[in-house]
Amino acid sequence: MLVKRIYILVVVGLMMAACGASEQELFDEGVRQLEAGEYNKSVGYFDKVIEKNEENTSAFNAKGVALFQQQKFDEAIKAFTSSIRLDSTSYKPFFNRGNAYLEKKAYKEAIRDYNVASGLDAQQVDVYYNRGLALLAQEEYEDAIMDFDMALQATPDQALVHFNKAKAQLGNNDPLGGMESLINAINLDNNNGSAYYLLGVTQMSALNQKEEGCANLKMALNLGYADAQTWIDDFCKE
């Protein structure tokens, strides 16, 4: 099971200075409502902008963000697609649409959009991490590891990136590398029961480190990871 990432970057693009004042005011109010969590209201404002200017790519992108936040992923995809049709030079709607596909578990489509987003702006670290998640779900472990490494080059203190890199390494038959990444994840977030669980299971199954493995499994159980109980009952009873 994929661990949810801690954020989804949805940067709202600015409108062009050539837009009329009333159009700009509507857009700005839509952004304010979006930032306030009033997603239905923000969609209404962005729709008014689109009524005035059907070629406003930023309004379509922002509307997609508001719909995404409401978990209306199919509608969000339509809005992002409209933004892309109007301007295919910005990474933002491709990245945002990729996130919507990721939530729908349409991993191939997500990877396609992340590839375009990365090509348009290779400096966006979140593209690498989210594409890594999609690749991990597709069991394309080596490519996932590469993306997680790219993300870690820019932000090495992200526990979830280390954790998901570990899952890819374990899937790629690299238990030692996976254990190292799990330890990194735990050092950054010692409340991650899943990381303790995977570390304990790997220590016991790959290296026969019963004492260390049982200790980590018990820590996972203490943190609420219930699946650890079966391993403890089977292998950690004296």
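Structure first, text after, so check above.
Residues numbered from 1 in each chain as written. Predicted model: local features only at pLDDT ≥ 70, side-chain atom pairs only at ≥ 80, totals over all residues. Heavy atoms only, no water.

1. Remarks on the overall build of the chain
Part 1: The number of helices and strands found in the chain is 13 helices and 0 strands.
Part 2: When its helices and strands are written in sequence order, the chain yields α-α-α-α-α-α-α-α-α-α-α-α-α.
Part 3: Contacts spanning at least 24 positions in sequence make up 50% of the contacts within the chain whose residues lie at least 6 apart.
Part 4: Of the accessible surface of the chain, which amounts to about 12200 Å², a share of 47% is contributed by carbon and sulfur atoms.
Part 5: With 22 positive and 34 negative side-chain charges, the chain shows a spacing of 6 Å between the two charge centroids. (Helix = DSSP H or I, 4+ residues; strand = E, 2+ residues; numbered from the N terminus. Contact = heavy atoms within 4.5 Å. Areas by Shrake-Rupley, 256 points an atom, 1.4 Å probe, with all protein chains shown as cover. Lys, Arg positive; Asp, Glu negative; His and termini not counted. Charge placed at Lys NZ, Arg CZ, Asp CG, Glu CD.)

2. Observations regarding the packing of helix α5 (residues 91–103) against helix α7 (residues 125–137)
Part 1: Here α5 crosses α7 at 25 degrees, and the two axes come no closer than 11 Å. With respect to α7, the axis of α5 lies roughly parallel. Pair α5 / α7 crosses with left-handed handedness. On α7, the residues that touch Phe-95, Asn-99 and Leu-102 of α5 are Asp-126, Val-127, Asn-130, Leu-133 and Ala-134.
Part 2: Residue classes in the contact of α5 with α7 are distributed as 5 nonpolar, 2 polar and 1 charged. (Axes fitted to C-alpha atoms, helices over the stretch in contact; angles between N-to-C directions. Parallel < 35°, antiparallel > 145°, perpendicular 65-115°, else oblique. Left-handed = near helix turned anticlockwise from the far one by under 90°. Nonpolar A, V, L, I, M, F, W, Y, C, P; charged D, E, K, R; others polar.)

3. What about the pattern of salt bridges?
Should the charged atoms of two oppositely charged side chains come close, the side chains can pair.
Part 1: This structure, assessed with the given rule, holds 8 salt bridges.
Part 2: Across the pair Asp-47 and Lys-63 runs a salt bridge whose closest N-O atoms are separated by 2.8 Å. Of this pair, Asp-47 sits in helix α2 (residues 39–52) while Lys-63 sits in helix α3 (residues 57–69), placing them 16 residues apart in sequence.
Part 3: The partner of Asp-74 in a salt bridge is Lys-104, with the nearest N and O atoms 2.8 Å apart. Note that Asp-74 is positioned in helix α4 (residues 73–86) and Lys-104 in the loop between α5 and α6 (107–120), a separation of 30 residues in sequence.
Part 4: Salt bridges linked by common partners bring Arg-97, Arg-112 and Asp-113 together as one network. (Salt bridge = Lys/Arg side-chain N within 4 Å of Asp/Glu carboxyl O.)

4. A short note on unusual backbone geometry
Part 1: Even without glycine at this site, Glu-139 takes up a positive phi of about 60 degrees.
Part 2: With phi around 60 degrees, Asn-173 is a residue other than glycine that occupies positive phi space.

5. Points about the nonpolar core
Across soluble globular proteins, you tend to see nonpolar side chains buried next to one another.
Part 1: Counting residues in each nonpolar core, the largest one holds 57 residues, and the members touching the most others are Leu-102, Tyr-129, Phe-148 and Leu-217.
Part 2: It is α7 that provides the largest number of residues to this core, a total of 7 residues.
Part 3: Residues Leu-26, Val-31, Phe-46 and Val-49 belong to the second largest nonpolar core, which totals 9 residues. (Core = buried A, V, L, I, M, F, W, Y, C linked by side-chain atoms within 4.5 Å. Buried < 20%, exposed > 50% of the residue type's maximum accessible area, 1.4 Å probe, protein only.)

6. Looking at the side chain of Ser-83
Part 1: Within the secondary structure layout, Ser-83 lies in helix α4.
Part 2: In this structure Ser-83 comes out as buried when scored by relative accessible area, which is 1%.

7. Observations concerning the packing of helix α10 (residues 175–188) against helix α11 (residues 193–207)
Part 1: In the contact formed by α10 and α11, the axes pass within 9 Å of each other and the chain directions differ by 155 degrees. What the angle tells us is that α10 and α11 run roughly antiparallel. Here the hand of the crossing between α10 and α11 comes out left-handed. For the pair α10 and α11, the contacting residues are Pro-175, Leu-176, Met-179, Leu-182, Ile-183 and Ile-186 in the first and Ala-195, Tyr-196, Leu-198, Leu-199, Thr-202, Gln-203, Ala-206 and Leu-207 in the second.
Part 2: Classifying every residue of the contact of α10 with α11 gives 12 nonpolar, 2 polar and no charged.

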